[in-house]
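# Structure at a glance
So you can see what is in the structure, the chains are spelled out below.
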Amino acid sequence: MAYAISFFTIGIIWVNHHVVMDQLGRVDRTFLFMNVLFLMVVAFIPFPTGLVAHYIRDGGDDARDAVLAYGFTFTLMAIGYGILWWYAAGGKRLLKEDADPRTVAGITRSFRPGSIVYLGATLLALASPVASLCVFAALALAYVLESGIFVRGEHRE
């Protein structure tokens, strides 16, 4: 379950990263280093995924701690993704001149609740690691649906 959630979440991150980058007309050194830090967190996701896969079957404190590590990694990823986008889109700093306003608004809308929702799902692990993982799975599904909404907006005339 942990592997599947992580695999699809990383896939969603990749697809949405592509959509975000497609809205940019330029980058600067600050943005590039922010992106490197963001990608470093994404590349770390398999480690807490392995912890969850190892400890979730046994339950108890080890499972809780593994899901907390997993959740804090995703929370950090969401924070990094939001900062990356808000830096690029703020004041249209790095957006291409013909960036689709509906797509830009959709991306911004989708990032607003991310960090808080991921943190909430993480803290749920204190009560129930399995419930926390279920919320992470639901979040992955929600971001698939949300990305479909703002990507479709790109192709409207």
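Up top is the structure.
Described in the following lines is the structure provided in the data block. (Residues numbered from 1 in each chain as written. Predicted model: local features only at pLDDT ≥ 70, side-chain atom pairs only at ≥ 80, totals over all residues. Heavy atoms only, no water.)

Together, Phe72, Leu119, Leu123 and Leu126 make up an exposed nonpolar region whose accessible area comes to about 360 Å². When you line up the elements, Phe72 lands in helix H4 (residues 60-89). (Patch = residues over 30% accessible without salt bridge, like charges linked within 9 Å, V, L, I, M, F, W, Y side chains within 5 Å. Areas by Shrake-Rupley, 256 points an atom, 1.4 Å probe, with all protein chains shown as cover. Salt bridge = Lys/Arg side-chain N within 4 Å of Asp/Glu carboxyl O. Helix = DSSP H or I, 4+ residues; strand = E, 2+ residues; numbered from the N terminus.)

Evaluation of the coordinates by the stated rule reveals 9 aromatic pairs. Centroid distance Phe74 to Tyr118: 6.0 Å. Interplanar angle 10°. Geometry classified as stacked. Pair noted here: Phe74 is in helix H4 and Tyr118 is in helix H6 (residues 114-124), with a separation of 44 residues, a long-range link. With respect to class, Phe74 is no different from Tyr118; both count as buried. Aromatic pair Tyr118 and Phe136: ring centres 6.0 Å apart, planes at 25°, arrangement stacked. Residue Tyr118 is located in helix H6, and its partner Phe136 is located in helix H7 (residues 129-154); the two are separated by 18 residues in the primary sequence. Taking relative accessible area as the criterion, Tyr118 reaches 6% and is therefore assigned buried. Looking at Phe136, the relative accessible area reads 2%, which means it is buried. Ring pairing ties together the aromatic residues Tyr70, Phe74, Tyr118 and Phe136, which thus form one cluster. Arg93 extends its terminal NZ or CZ atom over the ring of Tyr87, reaching a point 4.2 Å from the ring centre. (Phe/Tyr/Trp six-rings, centres within 6.5 Å; stacked < 30°, edge-to-face > 60°. Buried < 20%, exposed > 50% of the residue type's maximum accessible area, 1.4 Å probe, protein only. Lys NZ or Arg CZ within 6 Å of the ring centre and 35° of its normal.)

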